[in-house]
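# Secondary and tertiary structure notes
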Amino acid sequence: MNLLNLIRWKNLVMIAIVQLLIKYALLEPFGVQTSLNILGISLLIFASICIAAAGNIINDIYDIETDFINKPDKLIVGKSISEKTAYNLFILFNVVGVGIGFYLSHLVGRSAFFSLFVIISVLLYVYATYLKQTLLIGNIVISVLVALSLIIVGIFDLLPATTSLNQQMQLTFFKIIFDYAVLAFIINLLREITKDLEDINGDYKAGMNTLPIAIGTERATKVLFVLSFIPLFLVGSYIINSLYKNYIAVIYFLIFIIAPLLYITIKFFSASTKKDFHHISNLLKLVMFFGMLSLLLYKYILF
């Protein structure tokens, strides 16, 4: 159980589910030309979660000092699992993930795609060791990587199967994946800054330069309040422009996406305690989960 908590198994399950949904709820029902069979998508998912697991492990290794202050009850590295074991697991997961990525890129006939796995792996390491301590850059980088976990399905499944005859359809579905990735980026960025507010005490003592430390808790909360209108505007525009004819989809988005986002915006206006920020962080994760599940509606939206 300690190992599962170390690799953040719940987050890994979410990565696996969203990649499966993109493949089997968005692409397959419409007969889109794809390059990955069951084995291929399984390998992509396994490679993704291995590299993500490695990123979570190295993050915990370099967060021992801050976690000791912020969440001592959840401390794993140095307590339940030794630092040496954690490093070995980090190397193992990276080698397996990048190795599968190398095989997969050759499987789809795009050997250059292998570099994606290397870049993601390196960025996760650099994030944990350096970028996390810098003002906003670490938040942005990790949010880009979250978005990339969606886009990578389009890269490996759609692009190799694109021809001059199906180019328009392929681009249409790639754009849908990209739109979801943009929303995932924005919501995750809000969540990363919210977590910085939640962990401000430990981060300050560790010498980090997060947004709340740089400008203060109150100002950072107001920044989040303003930024929280962006996903509201994007989802609202999407409902008006694309979903207005499908009442089931409209109701789903209003109840499970818009309503929680509105509540989060209101909470940002008044949030001030560690408990408040933890609550908002969990809600943002829930919004991402329901946003991911909305892929199941496309069979009814596009038909």
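Because the structure is a prediction, the values reported are computed rather than measured.

## Quick word on the overall build of the chain
- A count of helical and extended segments in the chain gives 15 helices and zero strands.
- Rg of the C-alpha trace for the chain: 20 Å, near the compact-globule value of 19 Å for 303 residues, within the 12% margin.
- Dimensions of the chain, computed from C-alpha atoms along their principal axes, come out at roughly 60 × 45 × 30 Å.
- Of the roughly 14800 Å² that the chain leaves accessible, carbon and sulfur atoms contribute 69%.
- Side chains of the chain give 21 positive and 16 negative charges; the mean places of these two sets differ by 5 Å.

## Brief notes about the pattern of salt bridges
- One pass over the full model with this rule turns up seven salt bridges.
- A salt bridge links K23 to E28; the nearest nitrogen and oxygen atoms lie 3.0 Å apart.
- Using a relative accessible area of 1% as the deciding quantity, one classes K23 as buried.
- A salt bridge links D157 to K23, with the shortest nitrogen-to-oxygen separation between them at 3.1 Å. With D157 in helix α7 (residues 137-157) and K23 in helix α2 (residues 9-27), the pair connects residues that are 134 residues apart, well separated along the chain.
- Here the salt bridges share partners, and the residues they tie into one network are K23, E28 and D157.

## Examining the nonpolar core
- Residues I22, L26, L44, F156 and F253 are the most contacted members of the largest nonpolar core, which totals 81 residues.
- If sequence neighbours within four positions are ignored, F253 has contacts with Y180, V235, Y238, I239, L243, I258, S294 and L297.

## Digging into a nonpolar patch on the surface
- Together, Y247, I251, L254, I255 and F256 make up an exposed nonpolar region whose accessible area comes to about 520 Å².
- By the element assignment, I251 lies in helix α13 (residues 247-270).

## Quick word on helix α3 (residues 38-62)
- Here α3 spans 37 Å end to end across 25 residues, near enough to the 36 Å set by a 1.5 Å rise per residue.
- For α3, the buried fraction is high: 18 of the 25 residues fall into the buried class.
- Sitting at the amino-terminal end of α3 is N37, which places a side-chain oxygen 3.1 Å from the backbone nitrogen of L39.

## Examining α2
- For α2, with 19 residues, the first-to-last C-alpha span of 26 Å sits near the 27 Å given by 1.5 Å per residue.
- Within the span of α2, buried status applies to L12, M14, I15, A16, V18, Q19, L21, I22, K23, A25, L26 and L27.
- Packing partners of the buried residues in α2 comprise α3, α7, α8 (167-198), α14 (274-293) and α15 (298-301).

## Some details on the side chain of D196
- Following the sequence through the fold, D196 ends up in helix α8.
- K132 provides the closest opposite charge to the buried, salt-bridge-free D196, at an N-O distance of 6.6 Å.
- When near neighbours in sequence (up to four residues on either side) are disregarded, D196 contacts N139, D203, T210 and P212.

## Concerning the packing of aromatic side chains
- What the rule picks out here adds up to 13 aromatic pairs.
- By way of ring pairs, the aromatic residues Y238, Y252, F253, F256, F289 and F290 are connected into one cluster.
- In this structure, K23 is placed above the aromatic ring of Y24, and the distance from its NZ or CZ to the ring centre is 6.0 Å.
- The positively charged end of K222 is found above the aromatic ring belonging to F269, 5.6 Å away from the centroid.

## What about the side chain of D157?
- Residue classification places D157 among the buried residues on the basis of a relative accessible area of 0%.
- In terms of polar contacts, D157 uses its side chain to reach the side chain of K23, at 3.1 Å.
- At 2.8 Å, the side chain of D157 and the backbone nitrogen of L36 are in polar contact.
- D157 has contacts with K23, L27, Q33, T34, S35 and L36, leaving out every residue within four places of it along the chain.

## Considering the environment of V122
- In this fold, V122 is placed in helix α6 (residues 114-129).
- For V122, a relative accessible area of 45% gives the class partly exposed.
- Each C-alpha atom of the pair V122 and G55 lies 9.2 Å from the other, and the pair is 67 residues apart in sequence.

## Details of unusual backbone geometry
- For R8, which is not glycine, the phi dihedral falls at a positive 60°.
- Relative to the elements of secondary structure, R8 occurs in the loop between α1 (2-6) and α2.
- Phi at L136 is positive, roughly 65°, even though this residue is not glycine.
- Within the fold, L136 resides in the loop between α6 and α7.

## A closer look at the packing of α6 against α7
- Interhelical geometry of α6 versus α7 gives an angle of 160° and a closest axis separation of 11 Å. Considering the angle they form, α6 stands roughly antiparallel to α7. Remark: the crossing between α6 and α7 carries left-handed chirality. Contacts between α6 and α7 pair L116, F117, I120, L123, L124 and Y127 from the former with G138, V141, I142, L145, L148, I152, I155 and F156 from the latter.

What counts and how
Residues numbered from 1 in each chain as written. Predicted model: local features only at pLDDT ≥ 70, side-chain atom pairs only at ≥ 80, totals over all residues. Heavy atoms only, no water. Helix = DSSP H or I, 4+ residues; strand = E, 2+ residues; numbered from the N terminus. Rg over C-alpha atoms; globule rule 2.2 N^0.38 Å. Areas by Shrake-Rupley, 256 points an atom, 1.4 Å probe, with all protein chains shown as cover. Lys, Arg positive; Asp, Glu negative; His and termini not counted. Charge placed at Lys NZ, Arg CZ, Asp CG, Glu CD. Salt bridge = Lys/Arg side-chain N within 4 Å of Asp/Glu carboxyl O. Buried < 20%, exposed > 50% of the residue type's maximum accessible area, 1.4 Å probe, protein only. Core = buried A, V, L, I, M, F, W, Y, C linked by side-chain atoms within 4.5 Å. Contact = heavy atoms within 4.5 Å. Patch = residues over 30% accessible without salt bridge, like charges linked within 9 Å, V, L, I, M, F, W, Y side chains within 5 Å. Expected span 1.5 Å × (residues − 1). Polar contact = N/O pair within 3.5 Å; in protein donor to acceptor, adjacent residues only side chain to side chain. Phe/Tyr/Trp six-rings, centres within 6.5 Å; stacked < 30°, edge-to-face > 60°. Lys NZ or Arg CZ within 6 Å of the ring centre and 35° of its normal. Axes fitted to C-alpha atoms, helices over the stretch in contact; angles between N-to-C directions. Parallel < 35°, antiparallel > 145°, perpendicular 65-115°, else oblique. Left-handed = near helix turned anticlockwise from the far one by under 90°.

Shape is all these values report; function is a separate question.
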